[in-house]
Amino acid sequence: MAVIISVCLLVATPLDLLAPMRSYFGVATLSPLTLLAVLSQALGIVLAPRFGRKHDHSWLLGSSVAAAIALARLAEIYVVPVEFISAPLNMLLHEEIRGVSAMGSNTAVSVLLIALSVLLRRRAPYLALWSVIIGISQPVIGLVGYSYGFAPLFGQMSIPSIGLLLLNGLAALTLFPRTALLRSIFNSAAHGRFARNQLLLSFVVLWILGFALRHAPVYISAQHAMAVMVSGMLLLLFFLISVSAQMTERAECTRRKLERELSQMLMRDPLTGAANRRAVDVFVQNALRRSRSGKRGLGNRPRGALGVMLIDLDHFKEVNDRFGHRTGDDVLSGVASVLRARIKRSDLLARWGGEEFLVLMPDVTGVDEVRDLAQTLRESVAAHVRISRTGAGGVAQSIQVTASFGCAIVGREEQDHAAAVRRADEALYAAKFRGRNCVVVEESVDAPQLATVTVQVG
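Here goes a summary of the coordinates provided. (Residues numbered from 1 in each chain as written. Predicted model: local features only at pLDDT ≥ 70, side-chain atom pairs only at ≥ 80, totals over all residues. Heavy atoms only, no water.)

Things to note about helix α14 (residues 316-323)
Thinking step 1. Of all the residues in α14, the buried ones are Phe316, Val319, Asn320 and Phe323. Buried residues of α14, viewed axially, fall in a sector of 100 degrees; they line one side. Facing away from the buried surface of α14 by more than 90 degrees, the exposed residues are Lys317 and Asp321. (Buried < 20%, exposed > 50% of the residue type's maximum accessible area, 1.4 Å probe, protein only. Helix = DSSP H or I, 4+ residues; strand = E, 2+ residues; numbered from the N terminus. Arc of directions from axis to C-beta.)

Encoded structure:
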């Protein structure tokens, strides 16, 4: 777009087709030097490689020419008091009689910064990004100056110059799609919309404040106007920081909530809601560390041992075979609910295997306490978990679900729960051997009745 407009203006300038624009705005229009610089700049931006596409190096020529013209014009203004570029070009196009002004310093700075952003974007992308942002600020300031009718803000920058430089600057921003700054502002998420709203609100508020001060009564001094401007900016800054803090806190609360939910998902069995083996490892480490710390527990009681209870549902394979896996899942969920309702809040219920559950009891006084709870749980499962079935003849059947329990405690010299779980598993095996639906503790295991099993792989 900027290339097309620049070519049209470059053709229209020597033909004096811009006279209506000069009379309408009451200012000089584009100079030939500005047109050449903007056109070269636009060609460099358009030809620059984007999104990984390979191009030749012709785009370097356009940006280099624009930067050279801008540097030469700045040298004419501040270093060499001779227009060695502007004057010959104006004479060539007979512009000395057409009222076309030379390129101003603000226009030259904007052209230079936008051109440098294209040249430096590969070697110093963040420096190049800030270069184009500062380059865009020059025509924005000029546009604000025209809206105020305040010449010091736009200087020799004309309305067409402002439009072309804004087009080139916005096009140059598309060369930086992966930078964090632009991603955070132009993101479609909530924080991106919030950032854009902040920028728009800041611009509108500051413009209104400046416009009010520009058209304030004459008795308001420059010092008063400066005080009002500073106060307004501070209030705006306070408002933006307050809103940002609230948004950040809300986002942080959401993040922490999601982290807790994710942590619970990683520590829970999705079917029964019981803990999984990872949660068991964490629970055991904390329980053993507390029991060996020497600190007393609730009610100033001394810390006790860690009780281990292994539970296996009786004849569960037959339940799956006769009623299907969906019924089996319902049985597992029902048993987990019964067990969870009857253990302490300080205890942990975990799903240990297919139809096996594990209960960990911190601070128990001995294996008898584990056995007593196991008896209570066994009776509750047998009383509250049943499978109801209606036969083909409309005859209702009810099948009782039972479980076997093996109990052990973690010794004080043991570093983890692995040995205690093995002893509880041996006790559970003994409970199965004795007819199921019973509780066996590790001391009452009849060792000769237990088989030794070795698994070999390979």
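Observations regarding the pattern of salt bridges
Should the charged atoms of two oppositely charged side chains come close, the side chains can pair.
Thinking step 1. Evaluation of the coordinates by the stated rule reveals nine salt bridges.
Thinking step 2. The closest approach of N and O atoms between Lys432 and Asp312, which form a salt bridge, is 2.5 Å. A residue pair is termed long-range when its members are at least 10 positions apart, and Lys432 in helix α17 (residues 418-433) and Asp312 in strand β1 (residues 305-313) qualify at 120 residues.
Thinking step 3. Judged by its relative accessible area of 18%, Lys432 is buried.
Thinking step 4. Its relative accessible area of 9% is what places Asp312 among the buried residues.
Thinking step 5. Asp368 is paired through a salt bridge with Arg371; the nearest N and O atoms lie 2.8 Å apart. Taken as a pair, Asp368 and Arg371 lie in helix α16 (residues 367-384) at a separation of three residues, close to a single helical turn. (Salt bridge = Lys/Arg side-chain N within 4 Å of Asp/Glu carboxyl O.)

Digging into the packing of helix α7 (residues 125-148) against helix α9 (residues 159-173)
Thinking step 1. Across the interface, α7 lies against α9 with an axial gap of 9 Å and an inter-helix angle of 155 degrees. Viewed along their axes, α7 and α9 adopt a mutual orientation that is roughly antiparallel. Seen from above, α7 lies across α9 with left-handed handedness. Taken together, the residues of α9 that come into contact with α7 (itself represented by Leu129, Val132, Ile133, Ile136, Pro139, Val140, Gly142, Leu143 and Tyr146) are Ile159, Ile162, Leu165, Leu166, Gly169, Leu170, Ala172 and Leu173. (Axes fitted to C-alpha atoms, helices over the stretch in contact; angles between N-to-C directions. Parallel < 35°, antiparallel > 145°, perpendicular 65-115°, else oblique. Left-handed = near helix turned anticlockwise from the far one by under 90°. Contact = heavy atoms within 4.5 Å.)

Concerning the sheet that holds strand β3 (residues 356-364)
The strands making up a sheet associate through hydrogen bonds between their backbones, and the pairing can be parallel or antiparallel.
Thinking step 1. If you walk across this open sheet you meet the five strands as β2-β3-β1-β6-β7, and the pairing is mixed. At either margin of the open sheet sits one strand with a lone partner, and together these are β2 (348-351) and β7 (439-441). The mean angle between the axes of side-by-side strands here comes to 20 degrees, regardless of whether they run parallel or antiparallel.
Thinking step 2. Bridging between β2 and β3 involves four bridges; their strand directions are antiparallel. Within the sheet, the bridge partner assigned to Ala350 lies in β3 and is Leu358.
Thinking step 3. Those strands touched by helix α13 (residues 277-291) are β1, β2, β3 and β6 (403-410), and its axis lies near 15 degrees from that of β3. (Pairing = 2+ DSSP bridges.)

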